[in-house]
Amino acid sequence: MTELAYRVVDVFTDRPFTGNGLCVVTEPCPEPLMQSIAREANLSETTFVTSVGEGAYSMRIFTPSSELPFAGHPSLGTAWVLGPGTWEQTTPGAVVRVDVDEGGAEMSQPDPELTEVSPEGVAAALGVPGVEGAFLSVAGGTAHVLVPTTAPLDSIAPDLASVARVSVALGGMSLAPFRRLSDSELHARVFVPAGGIAEDPGTGSAAGPIAVLARRLWGAADSVTIRQGAEMGRPCVLRARGVDGDVRVGGRVVTSAEGRWFVS
């Protein structure tokens, strides 16, 4: 029987049991077990640190149903678990810098490739009127369909089967509606049924592209606060900078649990 240490952290919050939960496995894990552990953890993502060196590490990221090439809150949470300082993080989709202090982390992100796509079917799938287009965002190998809207997002009732079908048809893994609250504050929701997650509480990989798009479409501030997850009882506060060539996402991080996986 092998034991693997792990820690569960909540990202984009300073209070346990809010924010977006992440399981970080810090000891070498056999590859065939990674998906099984992620399924058992049943959080939005579970990460597996595969190597650690001087100021650098590599890792892999799994949802309960599949591996991701890159993701935001797993990057922030894993770096925070590894400790304060500046880290170079390598995943299959991207190499990024993550700056960590005791309270949280901030990461650089690749500039997103933003392509306008047909919004046909998007509003109906989400249950959102007032859609102002749809944009496929690809950064670090992770693709989201961003959906700017003027409609309140608090009480929408998406058809998750339609969301999965439409997001995949448009080349993304999610539909991510977002709304301007002020020049420096946005409200977002991210639905990822195609990845085995009905709704993600706080989505770092989408936050940078959302900030970039909000700046282009609406003249939003260079740096914005994105609020997400309150509808799930997991409120998240994401800080995002959306300047081309300087895309960053950050937030607070707190430990909520730690223990060991027992694997044979």
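All of the points below concern the structure found in this document. Just so we're clear, the structure is a prediction, and the values are computed from it rather than from any experiment.

## Let's talk about the overall build of the chain
Okay, so step 1: Each helix and strand counted, the chain has 5 helices and 18 strands in total.
Okay, so step 2: Whereas a compact globule of 264 residues would reach a radius of gyration of roughly 18 Å, the chain reaches 17 Å, a difference of no more than 12%.
Okay, so step 3: If you line up the chain on its principal axes, its C-alpha atoms span 55 × 35 × 30 Å.
Okay, so step 4: For the chain, with 264 residues in total, the buried portion stands at 54%.
Okay, so step 5: For the chain, restricting intrachain contacts to residue pairs at least 6 apart in sequence, the fraction spanning at least 24 positions comes to 60%.
Okay, so step 6: For the chain, the computed accessible surface area is about 10500 Å², with 50% contributed by carbon and sulfur atoms.
Okay, so step 7: Computed over 18 positive and 30 negative side-chain charges, the separation of the two mean positions in the chain equals 3 Å.

## Digging into the layout of surface pockets
Okay, so step 1: Computed from the structure, the largest pocket encloses a volume of approximately 210 Å³.
Okay, so step 2: Around the largest pocket, the lining comprises 17 residues; the ones closest to its centre are Arg-227, Gln-228, Pro-235, Cys-236 and Val-237.
Okay, so step 3: Tallying contributions element by element places strand 17 (residues 236-243) first for the lining of the largest pocket, with 3 residues.
Okay, so step 4: Class assignment of the residues belonging to the lining of the largest pocket gives a composition of 5 nonpolar, 6 polar and 6 charged.

## Details of the environment of Ser-51
Okay, so step 1: Looking at where Ser-51 falls in the secondary structure, it is placed in strand 3 (residues 45-53).
Okay, so step 2: Of the residues examined, Ser-51 reaches a relative accessible area of 38% and is grouped as partly exposed.
Okay, so step 3: Put simply, Ser-51 and Glu-31 are 20 residues apart on the chain and 13 Å apart in space, counted from C-alpha to C-alpha.
Okay, so step 4: Once you skip the residues sitting within four places of it in the chain, Ser-51 turns out to touch Ala-56, Tyr-57 and Ser-58.
Okay, so step 5: Among the polar contacts listed, one links the side chain of Ser-51 to the side chain of Ser-58, at a separation of 2.6 Å.

## Focus on the nonpolar core
Okay, so step 1: Counting 47 residues, the largest nonpolar core has Val-98, Ile-210 and Ile-226 as the members making the most contacts within it.
Okay, so step 2: For Ile-210, the residues in contact, after removing those within four places along its chain, are Leu-146, Phe-178, Leu-186, Ala-188 and Ile-226.
Okay, so step 3: With 18 residues, the next largest nonpolar core counts Val-122, Ala-134, Ala-151 and Leu-153 among its residues.

## Things to note about empty space enclosed by the protein
Okay, so step 1: Inspection of every chain in the model, using the stated rule, returns 1 cavity of 30 Å³ or more.
Okay, so step 2: The calculated volume of the largest cavity comes to roughly 100 Å³.
Okay, so step 3: Around the largest cavity sit 17 residues that line it, and Glu-45, His-144, Asp-200, Thr-203 and Ser-205 are the ones nearest its centre.
Okay, so step 4: Put simply, the parts of the chain that give the lining of the largest cavity at least two residues each are helix 2 (72-82), strand 11 (142-148), strand 14 (190-192), strand 15 (197-200) and helix 5 (204-218).
Okay, so step 5: In terms of residue count, helix 2 provides more of the lining of the largest cavity than any other element does, 3 residues in total.

How each quantity is defined
- Residues numbered from 1 in each chain as written.
- Predicted model: local features only at pLDDT ≥ 70, side-chain atom pairs only at ≥ 80, totals over all residues.
- Heavy atoms only, no water.
- Helix = DSSP H or I, 4+ residues; strand = E, 2+ residues; numbered from the N terminus.
- Rg over C-alpha atoms; globule rule 2.2 N^0.38 Å.
- Buried < 20%, exposed > 50% of the residue type's maximum accessible area, 1.4 Å probe, protein only.
- Contact = heavy atoms within 4.5 Å.
- Areas by Shrake-Rupley, 256 points an atom, 1.4 Å probe, with all protein chains shown as cover.
- Lys, Arg positive; Asp, Glu negative; His and termini not counted.
- Charge placed at Lys NZ, Arg CZ, Asp CG, Glu CD.
- 1 Å grid on protein atoms, 1.4 Å probe; cavity = no way out; pocket = protein on both sides within 12 Å on 5 of 7 lines; lining within 4 Å.
- Points joined across faces, edges and corners; volume = space filled by probe spheres on them.
- Nonpolar A, V, L, I, M, F, W, Y, C, P; charged D, E, K, R; others polar.
- Polar contact = N/O pair within 3.5 Å; in protein donor to acceptor, adjacent residues only side chain to side chain.
- Core = buried A, V, L, I, M, F, W, Y, C linked by side-chain atoms within 4.5 Å.

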